[in-house]
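What the coordinates show
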Amino acid sequence: GLTSDFIFDIYEDTRHRIWLATLYGGLNILSFGKNGSTIEALRKDNQIPSDLIVTMEVDKEGNLWCGTYDVGAFKIVNPFSDNTGMVLSYNPSNGLNDIIIWDIHCDKDGDIWFGTNENGVVRFHKDQIITYNDKNGLPNKQILSIAQDQEGNIWFGSNGNGLIEYMGDHFSHFTEKNGLSGSN
């Protein structure tokens, strides 16, 4: 069965397997075939660095990025092939400034955005790591969700400070005072 009943994110890969990001149970991979279903578990200390997975995102190269509640993020290189690929960790020791990552988004240019618990947003842009926080206009340090609109603007959902739009060179901030109902 599943290694945890706390499912934070779901992804279907190109082979029609369902990947589950679980709290306490790592990654569960459900496969469905003629003889029923199977569940493979990727767990801390044998395949991945954490069992506390809260978000998943696939980048333009087909790598699976996972945000955790305890060790930052990790990337599984080419996980949808027959052999699960190499795992690379990202945390405060190598440029990702937080150990809790609430959301990961790959934008249409291939940049990877991380919504952190205490340090705003981190963006992997080519060879650069860019941090957005109160020093450069981001009005909240806890970012829970990230999306991109059709014009390429990046949107951030915050914890208690409304909605934030990034338009490439500046931020706009929307709260209850601007007509949004409820910013919690």
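Residues numbered from 1 in each chain as written. Predicted model: local features only at pLDDT ≥ 70, side-chain atom pairs only at ≥ 80, totals over all residues. Heavy atoms only, no water.

**Here we look at the overall build of the protein chain**
Of regular secondary structure, the protein chain possesses 0 helices and 16 strands. Taken over the C-alpha trace, the protein chain has a radius of gyration of 17 Å; the compact-globule value for 184 residues is 16 Å, and the two agree within 12%. Principal axes of the C-alpha set define a box for the protein chain whose edges measure 55 × 35 × 30 Å. A separation of at least 24 residues holds for 35% of the contacts in the protein chain among residues at least 6 apart in sequence. Put simply, the protein chain shows about 9,700 Å² of open surface, and 47% of that area lies on carbon and sulfur atoms. Looking at charge distribution, the protein chain has the averaged site of its 13 positive side-chain charges lying 2 Å from that of its 25 negative ones. (Helix = DSSP H or I, 4+ residues; strand = E, 2+ residues; numbered from the N terminus. Rg over C-alpha atoms; globule rule 2.2 N^0.38 Å. Contact = heavy atoms within 4.5 Å. Areas by Shrake-Rupley, 256 points an atom, 1.4 Å probe, with all protein chains shown as cover. Lys, Arg positive; Asp, Glu negative; His and termini not counted. Charge placed at Lys NZ, Arg CZ, Asp CG, Glu CD.)

**Quick look at the pairing of strand E7 (residues 73–76)**
The two faces of E7 match: Ala73 and Lys75 on one face and Phe74 and Ile76 on the other face are all buried. Pairing of strand E6 (residues 64–68) with E7 involves 4 bridges; the strand directions are antiparallel. Of the residues in E7, the one forming a bridge with Trp65 is Lys75. With antiparallel pairing between neighbouring strands as the criterion, E6 and E7 make up a hairpin whose turn holds 4 residues, including Gly72 at a positive phi of roughly 85 degrees. When E7 meets strand E8 (residues 87–90), the two strands line up antiparallel, connected through 4 bridges. From the neighbouring strand, Ile76 faces E8, where its bridge partner is Val87. (Buried < 20%, exposed > 50% of the residue type's maximum accessible area, 1.4 Å probe, protein only. Pairing = 2+ DSSP bridges.)

**Comments concerning the environment of Phe32**
Mapped onto the secondary structure, Phe32 falls in strand E3 (residues 27–33). The exposure class assigned to Phe32 is exposed, which follows from its relative accessible area of 55%.

**Regarding the sheet that holds E3**
What the 4 strands build is an open sheet, ordered E1-E2-E3-E4; its pairing is antiparallel. With partners counted over all chains shown, the strands left at the sheet margins are strand E1 (7–12) and strand E4 (36–42), one partner each. Ignoring strand direction, the axes of neighbouring strands in this sheet form an average angle of 20 degrees. Judged from the 7 bridges that link them, E3 and E4 form a sheet pairing that is antiparallel. From the neighbouring strand, Ser31 faces E4, where its bridge partner is Thr38. (Axes fitted to C-alpha atoms, helices over the stretch in contact; angles between N-to-C directions.)

**Observations concerning the sheet that holds E6**
Spatially, 4 strands are ordered E5-E6-E7-E8 in an open sheet, and the strand pairing comes out antiparallel. Two strands lie at the open edges of the sheet, namely strand E5 (53–58) and E8, each paired on one side alone. Averaged over all pairs of adjacent strands, the angle between strand axes in this sheet comes to 20 degrees, irrespective of strand direction. One ladder, built from 5 bridges, connects E5 with E6; its direction is antiparallel. Residue Val58 lies in a different strand from E6, and its bridge partner there is Leu64.

**As for the packing of aromatic side chains**
For the coordinates displayed, the defined rule picks out 17 aromatic pairs. Between Trp19 and Phe80, the aromatic rings sit 5.3 Å apart at their centres with planes inclined by 90 degrees, giving edge-to-face as the arrangement. Separated by 61 residues along the polypeptide, Trp19 in strand E2 (residues 18–22) and Phe80 in the loop between E7 and E8 bring together distant segments of the chain. Across the pair, exposure class does not vary: Trp19 and Phe80 are buried alike. Counting every residue linked through ring pairs, the aromatic cluster contains Trp113, Tyr132, Phe156, Tyr166 and Phe171. (Phe/Tyr/Trp six-rings, centres within 6.5 Å; stacked < 30°, edge-to-face > 60°.)

**Quick notes on the side chain of Asp149**
Examined against the element boundaries, Asp149 turns out to sit in the loop between strand E13 (143–148) and strand E14 (154–158). Buried within the structure, Asp149 lacks any salt-bridge partner; its nearest side chain of opposite charge belongs to Lys108, at an N-O separation of 5.9 Å. Engagement of the side chain of Asp149 in a polar contact is seen with the side chain of Trp155, the distance being 2.8 Å. Dropping the residues within four chain positions of it, Asp149 is found in contact with Lys108, Trp155 and Glu165. (Salt bridge = Lys/Arg side-chain N within 4 Å of Asp/Glu carboxyl O. Polar contact = N/O pair within 3.5 Å; in protein donor to acceptor, adjacent residues only side chain to side chain.)

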